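What follows is the residue order along each chain.
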Amino acid sequence: MSKDILNFINGEYVKNASGRTYEKRNPVDDSLVGLVHEAGKPEVDAAVAAARAALRGPWGRLSVAERCAMLDGLVAEINHRFDDFLQAEIADTGKPAHLASHVDIPRGAANFQVFTDTIKNASTESFEMRTPDGKTARSYGVRVPRGVIAIICPWNLPLLLMTWKAGPALACGNTVVVKPSEATPSTATLLGEVMNKVGVPKGVYNVVNGFGVDSAGAFLTAHPHVNGITFTGETKTGAAIMKAGADGIRPVSLELGGKNAALVFADCDFDNAVATVTRSCFENAGQVCLGTERVYVQRPIFDKFVQALKGQAEAMKPGRPFDKATKIGPLVSKVHQKKVLGMYQKAKDEGATIVTGGGIPDMPADLKDGCWVQPTIWTGLPETATVVTEEIFGPCCHIQPFDTEDEVLNMVNANRYGLATSIHTQDISRAMRLAAAIEVGLCWINSWFLRDLRTPFGGSKQSGIGREGGLHSLEFYTELRNVMVKY
Ligand code: NAD
Ligand code: 6OD
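The model shown is predicted, which means the values in this text are computed figures rather than measured ones. (Residues numbered from 1 in each chain as written. Chains lettered and ligands numbered in written order. Predicted model: local features only at pLDDT ≥ 70, side-chain atom pairs only at ≥ 80, totals over all residues. Heavy atoms only, no water.)

**What to know about the sheet that holds strand β16 (residues 376-379)**
The strand order β15-β16-β17-β14-β13-β19-β20 describes an open sheet built from seven strands, whose pairing is mixed. The open sheet has two edge strands with one neighbour each: β15 (353-356) and β20 (442-445). Between one strand axis and the next, the sheet turns through 25 degrees on average, direction left out of account. Pairing of β16 with strand β17 (residues 396-402), which is carried by four bridges, proceeds in the parallel orientation. Bridge assignment links T379 to a residue of β17, and that residue is I399. Against the sheet, helix α12 (residues 334-349) makes contact with β15, β16 and β17, and its axis sits at roughly 25 degrees relative to β16, the strand it touches most. (Pairing = 2+ DSSP bridges. Helix = DSSP H or I, 4+ residues; strand = E, 2+ residues; numbered from the N terminus. Axes fitted to C-alpha atoms, helices over the stretch in contact; angles between N-to-C directions. Contact = heavy atoms within 4.5 Å.)

Listed below in C-alpha cells is the structure:
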C-alpha cells in the first residue's frame, strides 16, 4: 500500500476535493515514495483563510518572547525526530545520507533558531523633536508582521530552503502557506506534525502540495489575501511570480538561478582550490544554486588543475544514500535528468572537449532506473557556448584558461546571472579587489558555501531581488510602522 502525502491546512492533514493525486518516485531506483494529494483552488483558499484567521488568533497575541520560545521548541522537536526528517528528505531527493545529515536537516532546524535570536535582539529607531507649540513629540518604529506569507520552494535543498523562509516569517509573527516543490513534498508536510506537537496554533503553518502553473503554486501566488510572496527557484518562474505579486501590490523576495564562476589563480593553495572547486561543482550532484558551472584557471596551472579535477570527478562513486562509499546521488527526477543530459549533448554538439563524463554511469541492475548522470568536465568551448552561458543545475563544469585579472573579470561578468562566485588566490589584495568588482550577491575567497546566517544572502542581476538573512530578513517579513506621540 502506498503512503499518502497530504496537504496540511489549519492544523490538520487533509485530502483534496478533486481526488487528484500524483506519484512521487524515489530518484535512486524509481520506487514509489507516495501518492501526493494535489491541492486545488479550494484547498489553497482554505489554507490562506486559515493563515489569515490565525493572525487574529492566539498566535497574533503572543509576545515576541513567547513566540520565540514556541519556535525554539520546534528546533528541539526537529532534532528529536532527526531520523524521520532524514529518511523523508532522502526518499524525495536520493541525496547521500552524509550530506543530508550534515547540511539539510541541521540547517533546517538552525533556520528557526537564528531568526528567533534575530527578532529578539532587533531594535527600531526613535527620534525626539520639539513641536511648534512648544511641546515635545517622539516618533518610534514598531515592527509589525506583514501578514500571510506564501513560500514557494524548489527541490534541491527542500527542508533547508523552506525553513530559510518559514523561520524568519514565523519569528516575525506572520503566518505561512508553503508550496513545496512537486518533486520534494515530504519534509514540509512532515513539519506539520512537529508544529502540532509543540503547540503552534492551527493555521499558522500550512502546506499545499502540487505544481506551479494552473496548480497550487499559481493559485497561491495569485491569492488576494496573501500579503507577501517569497520564492526560490528558476529565474523565469521568478518573473511569473513577480507578475502575480503586481496584482494587489504584494512584495516579492526572489532567490533565483545562477551561472556561478570559480576563479583559480596560479598562486592559489592548489590542493585547497581543487578540493573546494570539487565540492562547488559536484556536491548534491551539482544541484546547488551557489554551485560552480564555470571554472576559470590561470594558464600556468591550467593543465594540472584540469587533471586534478578530473581525478576528483572520477572518484565520485554514485550509489545508494546510506551506502558509506557513496559520494554522489542521482538527480532529483527523470525530468531534470533529461534536461541535464540534453545539455551534455549540447556541449558535444557545440564542440566541447569532454575531459570526463558526458553521459549516464553504469549502474547495478537495482539502480538502473534511477536518475543518474556522470560528473562531467568540458574544456575548449568559447564563452558564448550554451553550457557556458546557461544554468544546467547538474554535476558539471566548463574550464577556461585565462592570463590576466582583467580578462577573467570581463568573462565572469559577461553573464546575465549574478548569484555567487569563489576566488582562489593567496594574494588577498587581488581577492578583495575582485570581490568588489564581480557582479554577484555572494563572494567566497578560498572557500565555498561557508555560511553565517546573520549575513545578507541573495543574487544580483537576474539571480534575484532582495536580501534575506539576519536583520535583512526582517525587511521582508515585517513592516516598520512609525508612531508619533505628542506630549
Ligand atoms: P522552479 O522555478 O521550476 O520551481 C520552483 C517552485 O516554483 C516549485 O515549487 C514550482 O512548483 C513553483 N512554480 C513553478 N511555476 C510556478 C508559477 N507559475 N507560479 C507559482 N509557482 C510556480 O525551480 P526548481 O526547478 O524547483 O529549482 C531549481 C532552480 O532554483 C534553479 O534555477 C536554481 O538555481 C534555483 N535556486 C535558486 C536558489 C537561490 O537561493 N538563489 C536556491 C535554490 C535553487
Ligand atoms: O544557505 C542558505 O541560506 C541558502 N539559501 C542556500 C541556498 C542554496 C541553493 O541551492
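Next comes the rest of the description.
**Points about the domain arrangement of the protein chain**
What the domain assignment reports for the protein chain is domain 1 (3-256 + 463-486) and domain 2 (260-452). The C-alpha-based centres of domain 1 and domain 2 are spaced at 31 Å. Facing the 27 residues of domain 1 at the interface are 32 residues of domain 2. Both faces considered, domain 1 and domain 2 share a buried interface measuring about 2,300 Å² in area, 62% of it formed by carbon and sulfur atoms. Among the residues domain 1 hides against domain 2, the three largest losses belong to V28, W155 and S463. Together they make up 25% of the total. Where domain 1 touches domain 2, the interface holds one salt bridge. We note a salt bridge from D29 to R320, for which the minimum N-O separation is 3.5 Å. Our enumeration of links across domain 1 and domain 2 arrives at nine residue pairs in polar contact (both at pLDDT 80 or more). A total of five residues in the side of domain 1 that touches domain 2 trace back to one element, the largest contributor, which is helix α4 (residues 82-93). A class-by-class count of the residues in the side of domain 1 that touches domain 2 yields twelve nonpolar, eight polar and seven charged. (Domains from an automatic or database assignment. Buried area = accessible area lost by both parts, 1.4 Å probe. Salt bridge = Lys/Arg side-chain N within 4 Å of Asp/Glu carboxyl O. Polar contact = N/O pair within 3.5 Å; in protein donor to acceptor, adjacent residues only side chain to side chain. Nonpolar A, V, L, I, M, F, W, Y, C, P; charged D, E, K, R; others polar.)

**Focus: the packing of helix α10 (residues 270-282) against helix α11 (residues 302-314)**
In the contact formed by α10 and α11, the axes pass within 10 Å of each other and the chain directions differ by 50 degrees. For the element pair α10 / α11, the angle class is oblique. Crossing geometry of α10 relative to α11 is assigned as right-handed. Contacts between α10 and α11 pair F270, A273, V274, V277, T278 and F282 from the former with K304, F305, A308, L309, Q312 and A313 from the latter. For the contact of α10 with α11, a count of residues per class yields nine nonpolar, two polar and one charged. (Parallel < 35°, antiparallel > 145°, perpendicular 65-115°, else oblique. Left-handed = near helix turned anticlockwise from the far one by under 90°.)

**As for the site of ligand 2**
Close to ligand 2 lie R107, N156, L157, L161, W164, V288, C289, L290, F449, R451 and F457. R107 is positioned such that a nitrogen or oxygen atom in its side chain is 2.8 Å from an oxygen atom of ligand 2. Isolated, ligand 2 exposes 300 Å² of accessible area, and the fraction of that covered by the protein chains is 99%. (Near = heavy atom within 4 Å. Areas by Shrake-Rupley, 256 points an atom, 1.4 Å probe, with all protein chains shown as cover.)

**Comments concerning the nonpolar core**
In terms of nonpolar packing, the biggest core is built from 64 residues, with F112, M162, V178, L191, Y205 and L290 touching the most fellow members. Per-element tally for this core: the top contributor is helix α6 (residues 158-171), with nine residues. A domain-level breakdown of this core finds at least three residues from each of domain 1 (3-256 + 463-486) and domain 2 (260-452). Every residue in contact with M162, bar those within four places of it in the chain, is listed here: I151, C153, V178, A188, L191 and Y205. Grouped together as the second largest cluster of nonpolar side chains are 53 residues, F265, F282, Y296 and L434 included. (Core = buried A, V, L, I, M, F, W, Y, C linked by side-chain atoms within 4.5 Å. Buried < 20%, exposed > 50% of the residue type's maximum accessible area, 1.4 Å probe, protein only.)

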